[in-house]
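Below are the chains, spelled out letter by letter.
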Amino acid sequence: LNEAASFRNLRAYGAFLVSAVLEGGVVEQVEIHSEKGRDCTIEFPCPVRAAVEDGAGNETGRFEGVRYAFSTKTGEHYRFRFYAQAREQSAAPRT
């Protein structure tokens, strides 16, 4: 998929609002707002390398792969910051 796509505040199971941007087949941005402070698991369509930051910009975790699970706090925002190397890999076609 080499097209652009995005969504904002998509309600997800567990009381989360999720926003994301895909450009040129690459996941560029993912943000999650936790309404209830529950555990969150996110799955990407291809492997990524990313750091997770809270709303204040503090790094709360790092991961590499397609699935990441983490604890959240009520009312907190989380942003996934993707590393350039992984973004290049995620643009590769899947077979």
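Predicted model, so just to flag it, every value in this text is computed and none were measured.

This part takes up the pattern of salt bridges. Tallying each qualifying case throughout the model produces eight salt bridges. For Glu64, the salt bridge goes to Arg49, with nearest N and O atoms at 3.8 Å. Here the residue Glu64 occupies a position in strand β5 (residues 59-70), and Arg49 occupies one in strand β4 (residues 40-54), the gap between them amounting to 15 residues. Linked through salt bridges whose partners overlap, the residues forming this network are Glu31, Glu53, Glu59, Arg62, Arg79 and Arg81.

Moving on, we get to the nonpolar core. Membership of the largest hydrophobic core comes to 19 residues, with the highest contact counts inside it found for Val30, Ile32, Phe44, Phe63, Phe80 and Phe82. The set of elements that each furnish at least two residues to this core consists of β2 (16-23), β3 (26-34), β4, β5 and β6 (77-82). Broken down by element, this core gets its largest block of residues, six residues, from β4. Those residues in contact with Phe44, other than ones at most four positions away along the chain, are Val27, Val30, Phe63, Val66, Phe80 and Phe82.

Once that is clear, we can look at the layout of surface pockets. By volume, the largest pocket amounts to about 330 Å³. What lines the largest pocket is a set of 22 residues, and nearest its centre among them are Phe7, Val18, Val30, Ile42 and Glu43. Contributions of two or more residues to the lining of the largest pocket are made by β1 (5-12), β2, β3 and β4. It is β4 that contributes the most residues to the lining of the largest pocket, six residues altogether. Class assignment of the residues belonging to the lining of the largest pocket gives a composition of 16 nonpolar, three polar and three charged.

About the cut-offs
- Residues numbered from 1 in each chain as written.
- Predicted model: local features only at pLDDT ≥ 70, side-chain atom pairs only at ≥ 80, totals over all residues.
- Heavy atoms only, no water.
- Salt bridge = Lys/Arg side-chain N within 4 Å of Asp/Glu carboxyl O.
- Helix = DSSP H or I, 4+ residues; strand = E, 2+ residues; numbered from the N terminus.
- Core = buried A, V, L, I, M, F, W, Y, C linked by side-chain atoms within 4.5 Å.
- Buried < 20%, exposed > 50% of the residue type's maximum accessible area, 1.4 Å probe, protein only.
- Contact = heavy atoms within 4.5 Å.
- 1 Å grid on protein atoms, 1.4 Å probe; cavity = no way out; pocket = protein on both sides within 12 Å on 5 of 7 lines; lining within 4 Å.
- Points joined across faces, edges and corners; volume = space filled by probe spheres on them.
- Nonpolar A, V, L, I, M, F, W, Y, C, P; charged D, E, K, R; others polar.

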